[in-house]
Amino acid sequence: MTAEPSSTAETCCSDDYDPNSLPADEARRRILETVAPVTGREHLPIRTALGRVLAEPVTARIDVPGHDNSAMDGYALNSRELAGGGTVTLQVVGTSWAGKPYAGNIGPGQCVRIFTGAVMPPEADTVVIQEQVRRDGEAVHFDAAGQRPGQNVRRAGEDIRAGQRVLAPGRRLTPADLGLLASVGVGEVTVHRRPRVAFFSTGDELRGVGEPLAPGQIYDSNRYTLYGMLTRLGVDLLDMGVVPDRPEAIRAAFAEAAEAADVVMTSGGVSVGEADYVKETLDALGEVRFWKVAIKPGRPLAFGRVGGAWFFGLPGNPVSVMVTFYLFAQPALRRMMGETPTEPLHIRVPCTTALKKRPGRMEFQRGVLERDPQGRWSVRKTGPQGSGILSSMSEANCLIVLPLESAGVEPGAEVEVIPFCELT
Ligand code: AMP
Ligand code: MG
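Bear in mind that the values here come from a model prediction, so they are computed numbers and not experimental data.

What counts as what
Residues numbered from 1 in each chain as written. Chains lettered and ligands numbered in written order. Predicted model: local features only at pLDDT ≥ 70, side-chain atom pairs only at ≥ 80, totals over all residues. Heavy atoms only, no water. Domains from an automatic or database assignment. Pairing = 2+ DSSP bridges. Helix = DSSP H or I, 4+ residues; strand = E, 2+ residues; numbered from the N terminus. Axes fitted to C-alpha atoms, helices over the stretch in contact; angles between N-to-C directions. Parallel < 35°, antiparallel > 145°, perpendicular 65-115°, else oblique. Left-handed = near helix turned anticlockwise from the far one by under 90°. Contact = heavy atoms within 4.5 Å. Nonpolar A, V, L, I, M, F, W, Y, C, P; charged D, E, K, R; others polar. pLDDT = per-residue confidence, 0-100. Buried < 20%, exposed > 50% of the residue type's maximum accessible area, 1.4 Å probe, protein only. Patch = residues over 30% accessible without salt bridge, like charges linked within 9 Å, V, L, I, M, F, W, Y side chains within 5 Å. Areas by Shrake-Rupley, 256 points an atom, 1.4 Å probe, with all protein chains shown as cover. Salt bridge = Lys/Arg side-chain N within 4 Å of Asp/Glu carboxyl O. Core = buried A, V, L, I, M, F, W, Y, C linked by side-chain atoms within 4.5 Å. Arc of directions from axis to C-beta.

Asker: Report on the domain arrangement of the protein chain, specifying residues and quantitative values.
Answerer: Taken domain by domain, the protein chain comprises domain 1 (24–40 + 193–336), domain 2 (42–60 + 164–191), domain 3 (69–154) and domain 4 (347–423). A C-alpha centroid distance of 36 Å is found between domain 2 and domain 4.

Asker: Could you give an account of the sheet that holds strand β8 (residues 126–129), naming the residues involved and the relevant values?
Answerer: The six strands are arranged β8-β5-β7-β6-β10-β9 in an open sheet whose pairing can be described as mixed. Strands at the two margins of the open sheet, each flanked by one partner only, are β8 and β9 (134–136). Between one strand axis and the next, the sheet turns by 40° as a mean value, whatever way the strands run. As paired elements, strand β5 (residues 74–77) and strand β7 (residues 110–114) share three bridges and run antiparallel to each other. Paired with Ala 76 across the bridge in β7 is Val 112.

Asker: Got a sec to walk through the packing of helix α3 (residues 222–233) against helix α6 (residues 318–336)? Specific residues and values, please.
Answerer: Axis separation between α3 and α6 bottoms out at 11 Å; the angle between their running directions is 25°. With respect to α6, the element α3 is oriented roughly parallel. For α3 against α6, the interelement crossing comes out right-handed. Residues Asn 222, Thr 225, Leu 226, Met 229, Leu 230 and Leu 233 of α3 form the contact with α6, whose participating residues are Pro 318, Val 321, Met 322, Phe 325, Tyr 326, Gln 330, Leu 333 and Arg 334. Classifying every residue of the contact of α3 with α6 by side-chain character gives 10 nonpolar, three polar and one charged.

Asker: Summarise the confidence of the model for the protein chain; cite the residues concerned and give the values.
Answerer: A low pLDDT score tells you not to read the predicted coordinates there in detail. Looking at the protein chain, the pLDDT average stands at 93 and 96% of residues meet or exceed 70. Predicted confidence is poor over residues 1–13, with pLDDT under 50, and the contacts of this stretch with residues over four places away or in other chains come to 25 contacts.

Asker: Explain the sheet that holds strand β1 (residues 21–22) residue by residue, including any values.
Answerer: An order of β1-β19-β21-β22-β18-β14-β17 is seen for the seven strands of this open sheet, with the pairing classed as mixed. Only two strands of the sheet have a single neighbouring strand rather than two, namely β1 and β17 (236–243). Taken together, the six bridges between strand β14 (residues 196–202) and β17 define a ladder with parallel strand orientation. Following the sheet pairing, Val 197 is matched in β17 by Leu 237.

Asker: Quick one: what's the story with unusual backbone geometry, residue by residue and with numbers?
Answerer: Following Val 64, the chain continues to Pro 65 via a peptide bond in cis, the omega torsion being -10°. Mapped onto the elements, Pro 65 comes out in the loop between β3 (58–59) and β4 (69–70). Its identity as a non-glycine residue notwithstanding, Asn 152 has a phi of 60°, on the positive side. Looking at the element boundaries, Asn 152 is found in the loop between β10 (139–143) and β11 (153–154). Residue class for Asn 152 comes out partly exposed when judged on its relative accessible area of 25%.

Asker: I'd like to hear about the pairing of β8, residue by residue, with values.
Answerer: Going residue by residue along β8, you find Thr 126 and Val 128 tucked away on one face and Val 127 and Ile 129 tucked away on the opposite face as well. Here β5 runs beside β8; their pairing, made up of four bridges, is antiparallel. Bridge pairing in β8 links Ala 76 to Val 127.

Asker: Kindly report on a nonpolar patch on the surface, identifying the contributing residues and their values.
Answerer: Residues Val 209, Leu 213, Tyr 219 and Tyr 224 make up a contiguous nonpolar surface patch of roughly 410 Å² in combined accessible area. As for its position among the elements, Tyr 224 is in helix α3. Given a relative accessible area of 47%, Tyr 224 falls into the partly exposed group.

Asker: Tell me about the pattern of salt bridges, residues and numbers included.
Answerer: Inspection of every chain in the model, using the stated rule, returns 26 salt bridges. When the shortest N-O distance is used, the salt bridge between Asp 16 and Arg 358 registers 2.7 Å. Of this pair, Asp 16 sits in the segment before β1 while Arg 358 sits in the loop between β23 (347–350) and β24 (362–371); the two residues are 342 residues apart in sequence, bridging distant segments of the chain. Members of the salt-bridge network, linked through shared partners, are Glu 26, Arg 29, Arg 30 and Glu 33.

Asker: Could you give an account of the nonpolar core, naming the residues involved and the relevant values?
Answerer: Among soluble globular proteins, nonpolar side chains are generally buried collectively. Ranked by internal contacts, the top residues of the largest apolar core, which has 45 residues, are Leu 230, Met 265, Phe 312, Phe 325, Phe 328 and Leu 333. Of the residues forming this core, the biggest block, 12 residues, is contributed by α6. Summarising the domain contributions, this core has at least three residues from each of domain 1 (24–40 + 193–336) and domain 4 (347–423). Setting aside its immediate chain neighbours within four residues, Phe 325 contacts Leu 226, Met 229, Leu 230, Leu 233, Met 265, Leu 314, Gln 330, Pro 331 and Leu 333. Ranked by size, the runner-up nonpolar core spans 20 residues in total, among them Phe 200, Ala 258, Leu 282 and Ala 309.

Asker: Give a description of helix α5 (residues 278–285) that names residues and reports values.
Answerer: Among all positions in α5, only Val 278, Thr 281 and Leu 282 are buried. The arc that holds the buried residues of α5, viewed along the axis, is 95°, so those residues lie on one side. Elements that come into contact with the buried residues of α5 comprise β14, α4 (247–260), β19 (286–293), β21 (300–306) and β22 (309–314).

Below, the structure written as C-alpha cells:
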C-alpha cells in the first residue's frame with residue numbers, strides 16, 4: 001500500500017505525521033489567496049456561454065410570466081361566481097389559447113374556455129379544471145365545493161420581476177441558466193476570458209501512446225488525465241508533450257510555457273532527492289514554493305510563479321496527479337476563471353469495507369458509492385489504494401475523505417465522501 005517513494009524513509013514510524021508538511025486546507029488557502037481572476041471578457045451568445053463564468057450581472061427587463069395565465073386546461077371565471085356555493089352554471093363566451101388571448105370581456109354568469117399558458121381574461125381570476133366541469137353546449141356546470149378563488153392561475157412576475165437580478169457575476173452557466181436567460185429575453189452575456197493552461201509531463205521513462213516501450217519505460221498517462229480534467233473545467237489548453245529529465249530541456253519548456261499561457265502545469269519531478277530537475281530549474285527561473293502537503297496520495301506539490309504565469313507542479317504518480325489537481329489546481333483555476341468559490345458536496349454514508357490508514361495525513365481513498373436493494377446508500381473502497389493504481393480512479397465514483405487523525409475505518413462505520421460528479 002505504500003506506493004509513494006517518499007514513504008519508504010518513514011517505515012520506522014507508526015504514523016505519517018511530518019512537522020514539515022502543510023495541512024491540505026492551509027495549502028489550498030495559500031493558493032486561493034494568491035491567484036485572481038484573469039482580465040479580459042467576451043460577449044457570447046448564450047448557447048456558446050454554457051459552462052462559462054459570467055463577468056457581469058444579468059437583470060431581467062420583463063416580468064416572467066409576462067401576464068397572469070392559466071396553469072391548467074379548463075374554464076376561466078371570476079371568483080364571485082363561487083360565492084353562492086352549490087352547482088354553478090356559466091355561459092362559455094369564448095376561448096383563450098396559449099399565444100392567442102380571448103379579446104372580449106366576461107360579465108356575470110360567464111366564463112371562457114382556457115388552455116394551459118393562455119392569458120387570463122382581465123375579469124377572470126380563477127380556473128376550474130376541465131375534468132371537474134360538465135359541458136352542455138354553450139353552458140358549463142360544476143360544483144362550487146372544493147374550488148378556491150385564485151386557483152390554477154400563474155401570476156405575472158411570479159418567477160421573475162422586471163428589474164430583478166437573475167444571475168450574479170461569478171456564476172458558471174448551467175443548462176437551467178441558459179433557459180432562464182432565454183426566458184427573460186437575454187440572448188448574449190458577458191463572460192470571463194478562459195485562462196490558458198500549458199502542461200507537460202516530465203520523466204525520461206515516459207513514452208507517448210503508439211511508441212514502442214523499452215524495458216523500464218512506461219506510457220505517459222498523466223497528460224491524458226490532465227487533458228480530460230482541464231477540458232472538463234473549460235480552460236484553453238496547450239499540450240506540450242513529454243519533457244526529458246535534462247536541465248536545459250526543462251528550462252526551455254518552462255520558458256516557452258510561461259510565455260504562452262496564464263498557468264503552467266507539470267506532473268512529476270517534484271519529489272525530493274531524485275534525478276528530477278524540475279525543482280532545481282524552478283528555483284533558478286521563478287518564485288516557487290515546494291510543499292509537502294499532509295495528504296495521501298500526493299504529498300509533494302509545488303506552487304508559484306514562472307515568468308508571468310502561475311505554476312502548479314503536481315506529483316508524478318497517476319492517482320496523486322488527479323487528487324492534487326482536484327484539491328488544489330482546480331479551485332485555483334476556477335477562481336482564475338472568475339467563478340465564485342463553492343464547496344463541493346460532501347456526504348456521510350456507511351462504509352462497507354475496512355479501510356487501512358495511519359494517522360498523520362488526510363487520505364483520499366477511492367470509493368464506489370452504491371445503493372443496496374433496500375435503497376440505502378453506502379460506499380466501498382476500490383481494490384488496492386496505491387498512488388500508482390490508476391484503475392482505482394477509473395473504477396471509483398467518489399473519493400472517501402479520511403481526516404488526518406483517523407487510524408482506519410471498521411466496516412459499517414460512517415465516512416465522508418465527495419462524489420466525483422461534484423469534482424468533474
Ligand atoms: P516522479 O515524481 O517524477 O518521481 O514520478 C513518480 C512516479 O510517477 C514514477 O513512478 C513515475 O514513473 C510516475 N510518473 C511520472 N510521470 C508520469 C506520467 N506522465 N505518466 C505516468 N506515470 C508517471
Ligand atoms: Mg520523474
